[in-house]
Number of protein chains: 2
Amino acid sequence: LKTSGSDRSVVNVIQYGLGSIGMACARAVAATPGLRLVGAVDVDPEKIGRSLARLLDLPPKGFRGIAVRASLAEAMAGRDAHVAMHTTVSSLGAVVPQIQDCLRAGLAVVSSTEELAFPSRTDPEPARRLDVAAKRARRAAIGTGVNPGFIMDLIPIVASGASLGVRKILVRRVLDAGRRRAPFQKKVGVGMAPADVRRRLAEESMGHVGLLDSALLIAAACGIEIDEVRKSGAPVLATRPMRSALGRVARGKVIGLRQNLSCRRKGREVIRMEMVMVLGAKDPRDESFIDGSPRLHLRWEGGVHGDAATIATLINAIPRALTAPPGLHNILTLPIPRTFSPLLSPQP
Amino acid sequence: LKTSGSDRSVVNVIQYGLGSIGMACARAVAATPGLRLVGAVDVDPEKIGRSLARLLDLPPKGFRGIAVRASLAEAMAGRDAHVAMHTTVSSLGAVVPQIQDCLRAGLAVVSSTEELAFPSRTDPEPARRLDVAAKRARRAAIGTGVNPGFIMDLIPIVASGASLGVRKILVRRVLDAGRRRAPFQKKVGVGMAPADVRRRLAEESMGHVGLLDSALLIAAACGIEIDEVRKSGAPVLATRPMRSALGRVARGKVIGLRQNLSCRRKGREVIRMEMVMVLGAKDPRDESFIDGSPRLHLRWEGGVHGDAATIATLINAIPRALTAPPGLHNILTLPIPRTFSPLLSPQP
């Protein structure tokens, strides 16, 4: 039995953005058979001009002296590239020119920008511009990642595919912040005063920002109408002194967040999203509950690790970005995800 | 917030095949807003000519006197139909003319035929003929269901989308046969003598037939090469007298089956499928283990109920069958599944 041919070709990748996710992504590209890292772009003057192999702490073999460049044009000069792994910032407005640039250069685009997961939901104009640019360039662009893009939207949507007459979808993500990096712990308020965290949650300058995008993706996919959205969030406080990557946390200080989003129709809850990101959270897990016929309860034991799975979802989107019809895509318009296979050819 | 329009249209469905799954499917079509049952076909002389409403034990309102017909042409006469729910037999060879008939009549086709889940895997010729017929008719046809088509292939494939460097995929389905109908219990040998079951397993005339299809779908999706497949199966015996839907089972008689499939490459197991269908099986569940980076363990608490979920996956495939490009599809070529939404319009 042979399920695949031996006609393997290599996809040439430009890494666009070398923050912590971008660096990890570039390392994963370098480590994945079927992918070749051929260039990298970043705005950081500390990184521009540096050897990519040295920056990534990888052996120089295969990198042919590639250096980090300040612009895509410089990074691509003299190189044949197929796809941009775009990992810069979260805001759609900020990334539109970057992604347009990639498309004009003939690259398919896989982006980690959270607001690209469902870009038409609040402000359709930047999404429309990207769609036009992609169609003009005859390339596909997709925003993805683990959350939004997978664990709190794609997974409950797929699970709902085995149920009918769905009345409600509940999605829960419980993370032990103690197992995550210091920047993550900072993001969830570890060590801060409760009042500061409450204020920042109220003004939405803290916490996970993708819950609404994920909920609206679920609603759009499953034809669930929503007339009211309620958000809530609160800090979780240390009941005893605790250790963290940011140092010792005193009793009464913040050790993480709870965030909820409730989507209703005519007063009845139809979608509920719950997120717990707390130092030492018990039973870390991801869950989806589909209240339909049949009722379904899906559980990822231990949860899906944010960083490693984010890198995986981005790399794994490459074949779909290369074979999708031109335009701006989201998880609803593409075939099912799957782990990267080196057996798919790049676009001619 | 409004995630969907009010422009709802109805998809007209012909139920092709009225066995136990077909009857349940027809009832689900009748109960689902956005779908309308407009005709039914069956070969059973006991059913032909009977009122569909009476056969399904549903109120006659909305059925406009529809009767079961012996041929698709009679069932469609004077009716506007968009899609055929095809639920007849498992064998690809037997269903090719039936599905060609539906396509020629201008219907998209959703079929429960197990061998359509991955029809090109062993005998590509019938699949090619159906693909040609579908393209000529400018309609899409898809084979789906819960197993194969969802729980032991689509789900582990989707899960692998959050992992990289996957070394092995393990899929396990544990069913309590005691919670299933008598025909299912009969299918897994309940009450039979162990020697009879061993013989029938050896000649492959008993047990679940989709394990290889599911394994090869996973392999194709994830680019996993396989050079050896080992199948095994054994009866599970009653250690005490037990009740079943088929009557009392004496100690030493069969209460169900274990079936395993091991796919290897160069002697190393790369895909493993395990299925347990036993009266009173402990902790019924569906599980997928992805041995990659990160490692993932996905678990459906209580398992996914076969009959109800089969109906759901079939109904839920209708919008994708109506909007897919013409041709014969499988789960790898279509967008992600989702519960049925009445918001999608039928093909013009």
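Residues numbered from 1 in each chain as written. Chains lettered and ligands numbered in written order. Predicted model: local features only at pLDDT ≥ 70, side-chain atom pairs only at ≥ 80, totals over all residues. Heavy atoms only, no water.

1. Some remarks on the packing of helix α1 (residues 20-31) of chain A against helix α10 (residues 306-316) of chain A
All names here are of chain A.
- In contact at an axis separation of 10 Å, α1 and α10 are set at 60° when each is read in the N-to-C sense. As the angle between them shows, α1 and α10 are arranged oblique. Crossing handedness for the pair α1 and α10: right-handed. In this structure, α1 contributes I21, A24, C25, A28 and V29 to the contact, and α10 contributes D307, T310, I311, L314 and I315.
- The residue inventory of the contact of α1 with α10, partitioned by class, reads 8 nonpolar, 1 polar and 1 charged. (Axes fitted to C-alpha atoms, helices over the stretch in contact; angles between N-to-C directions. Helix = DSSP H or I, 4+ residues; strand = E, 2+ residues; numbered from the N terminus. Parallel < 35°, antiparallel > 145°, perpendicular 65-115°, else oblique. Left-handed = near helix turned anticlockwise from the far one by under 90°. Contact = heavy atoms within 4.5 Å. Nonpolar A, V, L, I, M, F, W, Y, C, P; charged D, E, K, R; others polar.)

2. Some remarks on helix α8 (residues 194-202) of chain B
Residues and elements named next belong to chain B.
- Taken together, the buried positions of α8 are occupied by P194, V197 and L201. All buried residues of α8 lie within an arc of 65° about the axis, which places them on one face of the element. Structural note: α8 exposes A195 and A202 on the side pointing more than 90 degrees away from its buried face.
- Of the surrounding elements, those touching the buried residues of α8 are β8 (228-237) and β9 (254-265). (Buried < 20%, exposed > 50% of the residue type's maximum accessible area, 1.4 Å probe, protein only. Arc of directions from axis to C-beta.)

3. What about the sheet that holds strand β4 (residues 83-86) of chain B?
Residues and elements named next belong to chain B.
- Read from one edge of the open sheet, 7 strands run β3-β2-β1-β4-β5-β6-β13, paired in parallel fashion. Pairing within the sheet leaves two strands with one partner each, and these edge strands are β3 (68-69) and β13 (327-329).
- Taken together, the 2 bridges between strand β2 (residues 35-41) and β3 define a ladder with parallel strand orientation. Residue pairing in the sheet places V41 in a bridge with R69 of β3. (Pairing = 2+ DSSP bridges.)

4. Some remarks on the relation of the copies chain A and chain B
- When chain A is brought onto chain B, the operation consists of a screw motion whose angular component is 180° and whose axial shift is 0.0 Å, with 0.0 Å RMSD remaining. Such a combination of turn and shift is consistent with a two-fold rotation axis. Scanning chain A for the C-alpha nearest the rotation axis identifies A:P335, at a separation of 2.0 Å.
- Comparing interface residues between copies, 100% of those in chain A also sit at the interface in chain B, which points to an isologous, same-surface contact. (Least-squares fit on C-alpha atoms with pLDDT ≥ 70 in both.)

Any functional reading would require information that these geometric values do not contain.
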